Amino acid sequence: MGKSLAINAGSSTLKFKLFEMPAESVIAEGAIDRIGLGNSLVEIKYGDGQKYETHEDVNDHSAAIQLMLDQLTELKIITDFNEITGIGHRVVAGGQDFKDSAVIDDDVLQKIKDLSEYAPLHNPAAALGIEAFKKILPNVLSVAVFDTSFHTSMPQENYMYAIPYEYYEKYGARKYGARKYGAHGTSHRYVAGRAAAMLGKPLKDLKLITMHLGAGGSITAIKDGKSFDTSMGFTPLAGIEMATRSGDIDASLVAYLMEKLNIDKPNDMINILNKKSGLIGVSGVSADMRDLEKVQAKNPRAKLARDMFIDRIVRYVGAYLAELGGADAIVFTAGVGENDITIRQEVADKLAYFGIGVDPEKNNIRGVERDLSKDGSKIKTLLIPTDEELMIVRDIERLRK
């Protein structure tokens, strides 16, 4: 018996979920934001709907972790730090180095730092979190769980770009840099496993298309239990339209806009595509799909942003149905996928040609695992809430053995 922490460290945030293991029950969860920026908000949810909240200055990740652990003790969620027997860290970029989660030693930590070129906002923050925990709990098993590892199974024709081959061989933070890596792999891996359980078949015997639709969004084709293709690319900027990210865009348009906007630095243009595009860029109203749903009847740009979002999803699902030669099921997950009833219905309606159909009554639900399919549908439509933190602590236990 022990307790495991799932950690997601951002550049100025620390999110966590504490599990009792091996029961896999959630004991507490929370977040600390504005680390190093002053007036940090500290939130912890625990027990039977209890909540602790305070504001105070938290100077760095070490201070945030110490504060979190001290508060877990003060709230009597744990009696002492020794109850924590495993810590799992979400790491965005694992490149080709990590085809699976890994126990963190000095070599693994250095590789995470070296791979920061692929995820400059995420990997350095993850490394800070890892180092801070190592100082405070040096003898506790630490595991890195990579967003990209699930996608390392993609065949070469699906992860290569049609650019000079030597770029693939030479460039990147580590060898073999210029290729597709994908993201959200932990989420896609979780919902694929749940889909297999719902369908009552081994995952290796299924063809699935999983749609992680949140502020960031990606779609993955899964074959033989492995990622076969995915919509995100070298970075999480590619693929479908997202909250603030453009998704796929013609590279020549990037050069054109840089000239018209008098932008000299490529990173300035990338910043626009990452933070000022997508739903917020098209609508001019909000990056939150819930806000757009409320105003779309009176705001043509808000409706356009939603219509484009649906269109891009349908394009990828249609392409992946062709790549896979059909599918057993499509899966909706993450914030929008789990909660936007209209988006799910409209996507399914546009895919009706393939034998996909959603029953409106079954679909009138939010955040609950359910088969949404119309009777007689050739391809099942499933709603499965994701649980990346659970996958992280399961990987701790798997690698402990």
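Heads up: the structure comes first, above all this text.
Quick summary incoming for the structure in this document. (Residues numbered from 1 in each chain as written. Predicted model: local features only at pLDDT ≥ 70, side-chain atom pairs only at ≥ 80, totals over all residues. Heavy atoms only, no water.)

**Brief notes about helix α7 (residues 251–260)**
The cut-off we apply is this: For the purposes of these results, a polar contact is taken to be a pair of N or O atoms within 3.5 Å, where, inside protein, one atom must be able to donate a hydrogen and its partner to accept one; residues adjacent in sequence count only when each atom of the pair is a side-chain atom. Only DSSP runs of H or I covering at least 4 residues are called helices, and only runs of E covering at least 2 are called strands; the numbering of each starts at the N terminus.
Two to three positions downstream of the cap, the backbone nitrogen of Ser252 sits 2.8 Å from a side-chain oxygen, assigning the N-cap of α7 to Asp250. Positive phi appears at Asn262, one or two residues downstream of α7, with a value of about 55°.

**So, the pattern of salt bridges**
Two side chains carrying opposite charge are able to pair once their charged atoms lie near each other. Let me state the cut-off plainly: A pairing counts as a salt bridge when a side-chain nitrogen of Lys or Arg comes within 4 Å of a carboxyl oxygen of Asp or Glu. The cut-offs for exposure are 20% and 50% of the maximum accessible area for each residue type, with area from a 1.4 Å probe on protein chains only; residues under the lower value are buried, those over the upper are exposed, and the others partly exposed.
In total, this model carries 23 salt bridges according to the counting rule given. Here Asp395 ties to Arg398 by a salt bridge, and the two come within 3.1 Å at their closest N and O atoms. Of this pair, Asp395 and Arg398 both sit in helix α15 (residues 388–400), separated by three residues, roughly a single helical turn. With a relative accessible area of 36%, Arg398 lands in the partly exposed category. Overlapping salt bridges, with partners in common, bring together Asp100, Arg189, Asp395 and Arg398 in one network.

**What to know about the nonpolar core**
We apply this condition: Nonpolar core, defined: a set of buried Ala, Val, Leu, Ile, Met, Phe, Trp, Tyr and Cys residues in which side-chain atoms within 4.5 Å join the residues together. The contact rule is simple, with two residues in contact once any of their heavy atoms fall within 4.5 Å.
Core analysis: the biggest nonpolar cluster contains 38 residues, and Ile209, Ile219, Phe309, Ile313, Val317 and Ile330 have the highest contact counts within it. Broken down by secondary-structure element, the contributors of at least two residues to this core are β9 (207–213), β10 (217–223), α10 (289–295), α11 (300–324), β12 (329–333) and α13 (341–350). In terms of residue count, α11 provides more of this core than any other element does, 11 residues in total. Beyond its immediate stretch of four places on either side in the chain, Ile209 contacts Ile219, Thr220, Val317, Tyr320, Leu321, Leu324, Ala327, Ala329, Ile330 and Val331. Within the second largest apolar cluster, 27 residues are counted, among which are Val42, Leu67, Leu69 and Ile78.

**Thoughts on the side chain of Thr210**
Relative to the helices and strands, Thr210 resides in strand β9. In terms of polar contacts, Thr210 uses its side chain to reach the side chain of His188, at 2.7 Å. Sequence-distant contacts of Thr210, that is, excluding residues within four places in its chain, are made with His188, Val191, Ser218, Ile219, Thr220, Ile222 and Val331.

**Some details on the packing of helix α2 (residues 106–114) against helix α3 (residues 123–136)**
Note the following rule: Between the N-to-C directions of two axes lies an angle of 0 to 180 degrees, each axis being a line fitted to C-alpha atoms and, for a helix, fitted only over the stretch in contact. Comment on the angle field: the value is read as roughly parallel under 35 degrees, roughly antiparallel over 145, roughly perpendicular from 65 to 115, and oblique elsewhere. By convention the crossing between two helices is left-handed if the near helix lies anticlockwise of the far one by an angle smaller than a right angle, and right-handed if it lies clockwise. Three categories are distinguished: nonpolar for Ala, Val, Leu, Ile, Met, Phe, Trp, Tyr, Cys and Pro, charged for Asp, Glu, Lys and Arg, and polar for the others, with Gly belonging to the last.
Packing of α2 against α3 brings their axes to within 8 Å, and their N-to-C directions diverge by 155°. Our classification of the angle between α2 and α3 gives roughly antiparallel. For the element pair α2 and α3, the recorded crossing hand is left-handed. For the pair α2 and α3, the contacting residues are Leu109, Ile112 and Lys113 in the first and Asn123, Ala127, Ile130 and Glu131 in the second. Across the contact of α2 with α3, the residue classes break down as four nonpolar, one polar and two charged.

**A closer look at the sheet that holds β9**
This is how it is decided: Two strands are said to pair when DSSP picks up at least two bridges between them.
Strand order in the open sheet formed by six strands is β11-β10-β9-β12-β14-β13, and the pairing between neighbours is mixed. Edge positions in the sheet fall to β11 (226–230) and β13 (370–371), since each has one partner strand and no second. Pairing between β9 and β12: five bridges, direction parallel. Across the sheet, the residue bridging to Thr210 is Val331, located in β12. Packed onto the sheet, helix α6 (residues 185–199) meets β9, β10, β12, β13 and β14 (380–383) and runs at close to 130° relative to β9.

**A short note on the sheet that holds strand β8 (residues 141–146)**
With respect to topology, eight strands assemble into an open sheet ordered β5-β4-β3-β2-β1-β6-β8-β7, the strand pairing being mixed. Two strands bound the open sheet, and with one partner strand each, they are β5 (50–56) and β7 (102–103). Relative to strand β2 (residues 14–21), helix α1 (residues 61–74) is tilted by about 40°, and along the sheet it contacts β1 (2–9), β2, β3 (25–32), β4 (40–46), β5 and β6 (84–91).

**What to know about the pairing of β10**
Counting buried positions along β10 gives six out of seven residues, so the element sits mostly inside the fold. Examined bridge by bridge, β9 and β10 share seven bridges and lie antiparallel to one another. Residue pairing in the sheet places Lys207 in a bridge with Lys223 of β10. Following β9, the chain reverses through three residues before pairing antiparallel with β10.

**Some words on the packing of aromatic side chains**
Given two aromatic rings, one states the distance between the centres and the angle between the planes to describe the pair. Applicable threshold: Think of it this way: a Phe, Tyr or Trp ring, Trp meaning its six-membered ring, pairs with another when their centres are within 6.5 Å, and the plane angle makes it stacked under 30 degrees, edge-to-face over 60, tilted otherwise. Charge over a ring is defined by NZ of Lys or CZ of Arg lying within 6 Å of the ring centre and within 35 degrees of the ring normal.
Using the criterion set out here, one finds six aromatic pairs in the structure. Consider the rings of Tyr353 and Phe354, whose centres lie 5.5 Å apart with planes at 85°: the pair is edge-to-face. Residue classification places Tyr353 among the exposed residues on the basis of a relative accessible area of 77%. In textbook terms, an aromatic cluster arises when at least three aromatic residues are bridged by ring pairs, as seen for Tyr159, Tyr165 and Tyr168. One cation-aromatic arrangement involves Lys223 over Phe228; the distance from NZ or CZ to the ring centre is 5.0 Å.

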